[in-house]
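So you can see what is in the structure, the chains are spelled out below.
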Amino acid sequence: MKRKVLSTILAVSMVATMVVGCGGGSTQTEAPAADAGTEAPAEGGDNAQAEAPAPVAADKEGGKVGVAMPTQSSERWIKDGGNMKEKLEAMGYEVDLQYAEDDVQMQVSQIENMIAAEADCLVIAAVDSGALTTVEAQAKEAGIPIIAYDRLLMDTDAVSYYASFDNEGVGTAIGEYIKTAKDLDAAKAAGESYTIEFFMGSPDDNNAVLLHKGVMGVLQPYLDDGTLVCKTGRTSFDETCILRWSQETAQQWCENYLTGFYADEDLDIACTAFDGFAYGVKAALQGAGYTADNWPLVTGQDAELMACKNILDGTQTASIFKDTGLLADKCVTMVEAVMKGSEPEINDTTTYDNNVVVVPSYLCTPVAVDKTNLEEVVVDSGYYTAADLGL
Ligand code: BGC
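Residues numbered from 1 in each chain as written. Predicted model: local features only at pLDDT ≥ 70, side-chain atom pairs only at ≥ 80, totals over all residues. Heavy atoms only, no water.

## Re the pairing of strand β6 (residues 146-149)
In β6, alternate side chains face the same way, and those of I146 and A148 on one face and I147 and Y149 on the other are all buried. Bridge analysis of strand β5 (residues 121-124) against β6 gives three bridges, and the strand direction is parallel. Note that in β6 the partner of I124 across the bridge is A148. Handedness of the crossover is the feature at issue here: the chain leaves β5, passes through helix α3 (residues 133-141), returns alongside β6, and the resulting connection is right-handed. Examined bridge by bridge, β6 and strand β7 (residues 159-165) share four bridges and lie parallel to one another. For I147, the partnering residue across the bridge sits in β7 and is Y161. (Buried < 20%, exposed > 50% of the residue type's maximum accessible area, 1.4 Å probe, protein only. Helix = DSSP H or I, 4+ residues; strand = E, 2+ residues; numbered from the N terminus. Pairing = 2+ DSSP bridges. Right-handed = clockwise from strand over helix to strand, strands pointing away.)

Put into structure tokens, the structure is as follows:
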């Protein structure tokens, strides 16, 4: 098969539209300011080039796309994989969709098999973002372009594009939700305080680091002035990150916290980074005898169907809606770009430094949802039906 190296490197970046999800709206054509929004989270990015290496184009109709997803244990990845397969097949591609069940070695083997089967392009949402460098180098050697799906692929120059959400923005939205819902400024003025505990994402996922940064960007001042009181004292990323986003670990931590630190005083806020954590926290709260009268504010991420139902029945307060259908649309344009030499829409060329290159990215906009806007955001957009939610 003939492949050619694209010489075009995108010079023009587009600013994210502040609309629900990542579609629609108008885009500006000026490059975002260097300090606008987020910074690269990873350390050691001093040698990073300004752009990722030019993608490789297959210059052909159709072709094989390997889609490597991390797990089927949470609803969002099932939707992501399904969306990608459906959209790519509708465009005439053959799709090999694999889930690695959060097992790094299984994902490495799946990608090796895709390379051996002469895939024309790989779309990867990593289990461990830094553990795929060898197999990524093999893909590059074989001339197979790689697109990082939602999770940035770290420490490699083999990645052409990155499709994701504004990951620090997810954390900011969680922090702002808590700040507004609890009116932390009024509490501060009145000399009142709320207790809070943090359940953050996996240390091998760059998104989790950014999310924590976004949360703390909003909440740290209130921890510093005593408006928020974290009785375990665990607020740093290292102290609050949960490997592989494990719901069971979140539940266990919450049980331990409630027993060890909240015997005499209620927990007011569970700041969690993932709907799965919110389910674990819910089980721990129920086990500890919490009821609607003292149920804490519980956050999450992904607006999974179960989370939406929990929001409606009050056992979860909020989540962050990330429209995986729109994300898949953006990713598909990147597949087309590396396969056919077209140019995908990019709106960030500065933020996602993976320690080797700054990966040209399209970032969709996350939206906080709670009881007040759930139907409007997730049903009116067609993401779920009213019947799905039992409405
Ligand atoms: C994604 C989140 C998801 C989490 C756990 C992260 O990489 O950005 O949307 O909740 O993984 O699966």
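So, next bit.
## Remarks on the sheet that holds strand β13 (residues 361-364)
If you walk across this open sheet you meet the six strands as β4-β3-β5-β6-β7-β13, and the pairing is parallel. The open sheet has two edge strands with one neighbour each: β4 (94-99) and β13. Sheet twist, expressed as the mean angle between neighbouring strand axes with direction ignored, is 15°. Contacts from helix α1 (residues 75-90) reach β3 (64-69), β4, β5 and β6, with the element oriented near 170° to β4. Sheet strands touched by helix α11 (residues 324-340): β3, β5, β6, β7 and β13. Its angle to β7, the strand with the most contacts, is close to 165°. (Axes fitted to C-alpha atoms, helices over the stretch in contact; angles between N-to-C directions. Contact = heavy atoms within 4.5 Å.)

## Section: the environment of V170
By the secondary structure assignment, V170 is in helix α4 (residues 167-181). According to the relative accessible area criterion, V170 is buried, its value standing at 0%. The spacing of V170 and I320 is 150 residues in sequence and 7.0 Å in space, taken between C-alpha atoms.

## Let's talk about the packing of aromatic side chains
All told, the structure shown has eight aromatic pairs when counted by the stated rule. Between the aromatic rings of F199 and Y257, the centroid separation amounts to 5.7 Å while the plane-to-plane angle is 35°, which identifies the pairing as tilted. With a gap of 58 residues between them, F199 in strand β8 (residues 194-199) and Y257 in helix α8 (residues 247-261) connect regions that are remote in the sequence. Each of the two residues, F199 as well as Y257, counts as buried. (Phe/Tyr/Trp six-rings, centres within 6.5 Å; stacked < 30°, edge-to-face > 60°.)

## Quick word on the side chain of D353
Of note, D353 is situated in the loop between α11 and β13. Although buried, D353 forms no salt bridge, and the nearest oppositely charged side chain, K213, lies 12 Å from it. Among the polar contacts made by the side chain of D353, one reaches the main-chain amide nitrogen of N355 at a distance of 2.8 Å. (Lys, Arg positive; Asp, Glu negative; His and termini not counted. Salt bridge = Lys/Arg side-chain N within 4 Å of Asp/Glu carboxyl O. Polar contact = N/O pair within 3.5 Å; in protein donor to acceptor, adjacent residues only side chain to side chain.)

## Here's the deal with the environment of Y362
For Y362, the position within the fold is in strand β13. Between the C-alpha atom of Y362 and that of D150, which follows or precedes it by 212 residues, the distance is 9.8 Å.

## Focus: α3
If you check which residues of α3 are buried, you get V135, E136 and A139. Viewed end-on, α3 has its buried residues packed into an arc of 105°, placing them on one side of the element. Turned more than 90 degrees off the buried face of α3, the exposed positions are T134 and E141. Just beyond α3, the residue with positive phi is G143, at close to 75°. (Arc of directions from axis to C-beta.)

## Quick look at the pattern of salt bridges
Throughout the structure, instances matching the rule amount to 13 salt bridges. Between D204 and R244 there is a salt bridge, with the nearest N and O atoms lying 2.6 Å from each other. With D204 in the loop between β8 and α6 (206-224) and R244 in the loop between α7 (237-240) and α8, this pair connects stretches of sequence that are 40 residues apart. With a relative accessible area of 23%, R244 lands in the partly exposed category. E345 serves as the salt-bridge partner of K330, at 3.1 Å between the closest nitrogen and oxygen. With a gap of 15 residues between them, K330 in helix α11 and E345 in the loop between α11 and β13 connect regions that are remote in the sequence.

## What about the site of the ligand?
Neighbouring the ligand are the residues R76, W77, D150, R151, D205, N207, W245, F274, Q301, D302 and K322. Here an oxygen atom of the ligand sits 2.7 Å away from a polar atom, N or O, in the side chain of R76. Here an oxygen atom of the ligand sits 2.7 Å away from a polar atom, N or O, in the side chain of R151. Split into classes, the residues belonging to the shell around the ligand amount to three nonpolar, two polar and six charged. (Near = heavy atom within 4 Å. Nonpolar A, V, L, I, M, F, W, Y, C, P; charged D, E, K, R; others polar.)

## Concerning the nonpolar core
Grouped together as the largest cluster of nonpolar side chains are 47 residues, with contacts concentrated most on I196, F198, F199 and L219. For this core, the elements supplying multiple residues, two or more each, are α4, β8, α6, α8, β10 (269-272), α9 (275-287), β11 (297-298) and β12 (318-321). Ranked by residues supplied to this core, first place goes to α6 with eight residues. Residue contacts for I196: discarding those within four places in its chain leaves I178, L219, L223, L228, V229, C230, K231, Y262, L267, I269 and C271. Ranked by size, the runner-up nonpolar core spans 29 residues in total, among them V67, Y99, L327 and V332. (Core = buried A, V, L, I, M, F, W, Y, C linked by side-chain atoms within 4.5 Å.)

## Some thoughts on the environment of A163
With respect to the helices and strands, the residue A163 is situated in strand β7. Judged by its relative accessible area of 0%, A163 falls in the buried class. Here A163 is in contact with A148, Y149, D150, L327, C331, M334 and Y362, once residues within four sequence places are set aside.

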